[in-house]
Amino acid sequence: MSILIFVAVLVALIVVHEFGHFVVANLSGMRVDEFGIGYPPRAWGFKKGETEYTLNWLPFGGFVKIFGEDMEEKLPGAQPSEAGVSRAFSARPRILQAATLVAGIAMNLLFAYVLITATLLMGTPRALAPEEYATAKNVSVAIAGVLPESPAARAGLIPGDYVVSATQGDSSWSGTDTDAFTAFVASDTAKDPITLSVLRGGEEKSLTVTPQAGTIASDPTRPALGVQLAVVGVVPVSILHAPIEGAVLTWEITKETAVALVHFFGGIFSFSADLSQVSGPIGIAGAVGNASSQGLASLLTITALISINLALINILPVPALDGGRLMFVLIESITRRPIKPSVANAMNTVGFGLLILLMLVVTASDVFKLF
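Heads up: these notes are all about the structure in this document. Just so we're clear, the structure is a prediction, and the values are computed from it rather than from any experiment.

### What about the nonpolar core?
Residues Leu157, Ala166, Trp173, Phe181, Leu196 and Leu225 are the most contacted members of the largest nonpolar core, which totals 17 residues. One finds Phe22, Met30, Val64 and Ile66 within the second-largest nonpolar core, a separate group that totals 14 residues.

### A closer look at the packing of helix α1 (residues 2–27) against helix α8 (residues 296–314)
At a closest axis distance of 10 Å, the pairing of α1 and α8 adopts a crossing angle of 45°. The angle between the axes of α1 and α8 places the two elements in the oblique class. Crossing angle aside, the handedness with which α1 passes α8 is right-handed. The residues of α8 that touch α1, namely those facing Ile5, Val9, Leu13 and His17, are Leu299, Thr303, Ile306, Ser307, Leu310 and Asn314. Here the residues of the contact of α1 with α8 are counted per class, giving six nonpolar, four polar and no charged.

### Thoughts on α1
With 26 residues, α1 extends 38 Å from end C-alpha to end C-alpha; this agrees with the ideal 38 Å at 1.5 Å per step. Directly after α1, the chain includes Gly29, whose backbone phi takes a positive value near 85°.

### Things to note about the environment of Lys137
Along the chain, Lys137 falls in strand β4 (residues 137–146). On the basis of relative accessibility, which here comes to 49%, the residue Lys137 falls in the partly exposed class. C-alpha separation for the pair Lys137 and Gly233, spaced 96 residues apart in sequence, amounts to 5.6 Å. Look past the residues within four positions of Lys137 in its chain and what remains in contact with it is Gly233, Val234 and Pro236.

### Re the packing of aromatic side chains
A full pass over the atoms with the stated rule returns eight aromatic pairs. A centroid spacing of 5.2 Å and a plane angle of 55° characterise the contact between Phe22 and Phe35, whose relative ring orientation is tilted. Note that Phe22 is positioned in helix α1 and Phe35 in strand β1 (residues 32–48), a separation of 13 residues in sequence. With respect to burial, Phe22 and Phe35 carry one shared label: buried. Ring centres 5.3 Å apart and planes at 20° place the aromatic pair Phe46 and Tyr53 in the stacked group.

### Quick notes on the layout of surface pockets
Approximately 720 Å³ is the volume found for the second largest pocket. Looking at the lining of the second largest pocket, the elements with two or more residues in it are β4, β5 (162–168), β7 (194–200), β9 (227–234), α7 (281–293) and α8. Across the lining of the second largest pocket, the residue classes break down as 14 nonpolar, 15 polar and one charged.

### Describing unusual backbone geometry
That bond from Pro40 to Pro41 is cis: its omega, 15°, falls within 30 degrees of zero. As for its placement among the helices and strands, Pro41 is situated in strand β1. With a phi angle near 50°, Asn138 is a residue other than glycine that sits in the positive phi range. Within the fold, Asn138 resides in strand β4.

The rules we used
- Residues numbered from 1 in each chain as written.
- Predicted model: local features only at pLDDT ≥ 70, side-chain atom pairs only at ≥ 80, totals over all residues.
- Heavy atoms only, no water.
- Core = buried A, V, L, I, M, F, W, Y, C linked by side-chain atoms within 4.5 Å.
- Buried < 20%, exposed > 50% of the residue type's maximum accessible area, 1.4 Å probe, protein only.
- Axes fitted to C-alpha atoms, helices over the stretch in contact; angles between N-to-C directions.
- Helix = DSSP H or I, 4+ residues; strand = E, 2+ residues; numbered from the N terminus.
- Parallel < 35°, antiparallel > 145°, perpendicular 65-115°, else oblique.
- Left-handed = near helix turned anticlockwise from the far one by under 90°.
- Contact = heavy atoms within 4.5 Å.
- Nonpolar A, V, L, I, M, F, W, Y, C, P; charged D, E, K, R; others polar.
- Expected span 1.5 Å × (residues − 1).
- Phe/Tyr/Trp six-rings, centres within 6.5 Å; stacked < 30°, edge-to-face > 60°.
- 1 Å grid on protein atoms, 1.4 Å probe; cavity = no way out; pocket = protein on both sides within 12 Å on 5 of 7 lines; lining within 4 Å.
- Points joined across faces, edges and corners; volume = space filled by probe spheres on them.

Here's what the structure looks like:
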C-alpha cells in the first residue's frame, strides 16, 4: 500500500508540474501536441482541439509535448511563416519561453501552498498550551524526549510514542493529565514494573518499564522513567486565517529548503556533502508511507514538502532541468542567437548523467540506512 501511495504522490506532483507548462504554453500561443499522464506505451487517449490527452502504461509521472521545443533540429531552415512554425516553442518571444519553463516550478510551489493551507484547515497534531486542551481534537500524551540510559530508554520508549495507558498491579492511569502520570510513576514505593500501552506508527505496543530513583538529577529521590511528556492535539486554523498562515508557512519552508539545498550542493563540490541529510526514492517512499499511516493531514504535509523540493531542484541551472533550459534562454537573449542544437544536446546529456549519478549515490545511501 505504501508503494501505491508513493506512486500516486509522485504522479500528482509531476502532473501538476507539467500542467503548469501546459497552461502557460497555451496562453503564450504555443501549440501543445500532447499532455500525458504516465509514460508510453499509450493505454488510452483522446484528442480535443489540437492536443492529444493520453493515459499511459508506465505510471511514474507525466509529460507535456510542446511543438518545436527542438525547432532547429526538426525543421532546419524553416521560416516562421511556414506550416505554423511561428507557434513553435523556439519561435515564440524568449520572455514567453522563460514563462513557460518557470510555470512548472511555480505550479509546484502553488500546489504546496494549497496543501499546507488545507492541512491548517484540517489541523495537524502539535503541542498544546493548557488553554487549548478544551477546544483541541484528539488530545493525547506524547513522549517528547527520552533520557539516555534511563529506564524508559532501556525499555525501548522513543520520542513520538503516544502513551495510551499505564498499569501497575491494581492501579492504573489513562487520560491526558501529565501531572497525574508523573504522580502515578512516583508512587511506585515497591518499585514494581509498570506496563505501558503506547501507540507507535498507528500500532499499539505494550512495554514494561521499572521506575528508578536518581533518574532525574534535579530530584534524585523521586522514582522516574526518564521521559519528557507533552500534551498534543489537533487545533484547526479558521478559514479566514488559514490562507495567510499557509502563505507564511510555505515561504518559510521554501526559504529553509533552499538554504539546505545550497549547503548540500556546495558540499558536493567541496566533497563534504552529508548524504545522511537527504533521501532518494527509497527514503521518500518510506517517509510517504509513514505519513500516510498517521492520517490524511500528515500525508498532505509530506506531499507539500516534496513539492517544494521538486520546485527548487528544478530551478537549478543544470542542463536537463527547467533551470538549465532557462539558462539557455537567458544566454540566447544575451547573445541574440540560438545555441547550436548539438551543443545543447551535449550539455543536456552531461547534466542528465550527473543527475542519474547523484540519484544512484543517494539511493545507495538510502539502502545503507535500512541496514
